[in-house]
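Residues per chain, in single letters:
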Amino acid sequence: MSLPINLTDTLSRVERFSTEFWSARETGERMALLGVSLAVASVLFYLMLIAPALAARERLNTHLPILRQQAAQMQTWSREVAALPPAALGVQPARPFTPLSVMEIEAGLAHNGLHAQNVTLNGDLLKMQLNAASFSATLFWLNEMQKTSRFYVVDAGIVALAQIGRADVTLTLHQAGQE
């Protein structure tokens, strides 16, 4: 690997200066320089590696018992919550599954100011088409259907119209909970 000429020249100058500096020193001076260099290297090693590790170890020894106590408290709370009856946690019992009819779906749409051109209900699948429907009313109706009847969207086709807030919507919904 060849270094650029400037770097090679610089390194050779530093090496030459170091050699001249070292050879110009007497044996006592050399020993003193080696001792000082070793001391500086030892201090740097301690300050950069040993001291941070000792400080981290001390912090860990201080905080670890507190963290263990907090973990034990959380486990106790977890066991207490697990022992509570579902009603105490505000959990509602599962609603019985009641499939909807096309008339109920159309009534829900009409309640939100929507009118479907085509509604097909096949078991737990609902396919419908809304033309020039209010987009916000459609989203509100979908949210309502998800909460009350457990329908979720399987497929949706939405085409925005030139009139602001209106869209042609084609939906396929699946009613969950019919296991």
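A few points on the structure. For clarity, every value in this text was computed on a predicted model and none was experimentally measured.

1. Section: a nonpolar patch on the surface
Stage number 1. A cluster of nonpolar residues, Val36, Val40, Val43, Leu44, Phe45, Tyr46, Leu47, Met48, Leu49, Ile50 and Leu54, forms a patch on the protein surface that exposes about 1,100 Å² of accessible area.
Stage number 2. Relative to the helices and strands, isoleucine 50 resides in helix H2 (residues 27-83).

2. Quick word on the side chain of threonine 172
Stage number 1. Its location among the elements puts threonine 172 in strand S4 (residues 166-175).
Stage number 2. You can call threonine 172 buried: its relative accessible area is 15%.
Stage number 3. In this view, threonine 172 contacts Leu125, Leu126, Lys127, Tyr152, Val153, Val154 and Asp155; residues no more than four positions away in its chain are not counted.

3. Some words on the packing of aromatic side chains
Centre distance and the angle of the planes are the two values used to describe a pair of aromatic rings.
Stage number 1. Within this structure, the stated rule accounts for one aromatic pair.
Stage number 2. Aromatic pair phenylalanine 17 and phenylalanine 21: ring centres 6.3 Å apart, planes at 25°, arrangement stacked. Of this pair, phenylalanine 17 and phenylalanine 21 both sit in helix H1 (residues 5-23), four residues apart, roughly one helical turn.
Stage number 3. For phenylalanine 21, a relative accessible area of 35% gives the class partly exposed.

4. Some remarks on helix H4 (residues 135-149)
Every α-helix winds through 3.6 residues per turn, so residues three or four apart in the chain are directed the same way.
Stage number 1. With 15 residues, H4 ought to run about 21 Å at 1.5 Å a step, and its terminal C-alpha atoms sit 20 Å apart, in line with that.
Stage number 2. Looking at the buried positions of H4, the neighbouring elements they touch are helix H3 (102-111), strand S2 (125-134), strand S3 (151-160) and S4.
Stage number 3. One or two residues past the end of H4 sits arginine 150, with phi positive at roughly 60°.

5. Quick word on the environment of leucine 161
Stage number 1. Along the chain, the position of leucine 161 falls in the loop between S3 and S4.
Stage number 2. Between the C-alpha atoms of leucine 161 and alanine 132, which are 29 residues apart in sequence, the distance is 7.3 Å.
Stage number 3. Aside from chain neighbours lying at most four places away, what touches leucine 161 is Ala132, Arg166, Ala167 and Asp168.

6. Quick notes on the sheet that holds S4
Stage number 1. Strand order in the open sheet formed by four strands is S1-S2-S4-S3, and the pairing between neighbours is antiparallel. Looking at the sheet topology across the chains shown, the edges are occupied by strand S1 (116-122) and S3. Here the average twist between neighbouring strands, direction ignored, is 15°.
Stage number 2. As judged from the nine bridges shared by S3 and S4, these two strands associate in the antiparallel manner. Bridge pairing in S4 places phenylalanine 151 opposite glutamine 175.
Stage number 3. With respect to the sheet, H3 is in contact with S1 and S2, its orientation differing from that of S1 by roughly 145°.
Stage number 4. Along the sheet face, H4 touches S2, S3 and S4 and points at about 155° away from the line of S2.

Rules and cut-offs
- Residues numbered from 1 in each chain as written.
- Predicted model: local features only at pLDDT ≥ 70, side-chain atom pairs only at ≥ 80, totals over all residues.
- Heavy atoms only, no water.
- Patch = residues over 30% accessible without salt bridge, like charges linked within 9 Å, V, L, I, M, F, W, Y side chains within 5 Å.
- Areas by Shrake-Rupley, 256 points an atom, 1.4 Å probe, with all protein chains shown as cover.
- Salt bridge = Lys/Arg side-chain N within 4 Å of Asp/Glu carboxyl O.
- Helix = DSSP H or I, 4+ residues; strand = E, 2+ residues; numbered from the N terminus.
- Buried < 20%, exposed > 50% of the residue type's maximum accessible area, 1.4 Å probe, protein only.
- Contact = heavy atoms within 4.5 Å.
- Phe/Tyr/Trp six-rings, centres within 6.5 Å; stacked < 30°, edge-to-face > 60°.
- Expected span 1.5 Å × (residues − 1).
- Pairing = 2+ DSSP bridges.
- Axes fitted to C-alpha atoms, helices over the stretch in contact; angles between N-to-C directions.

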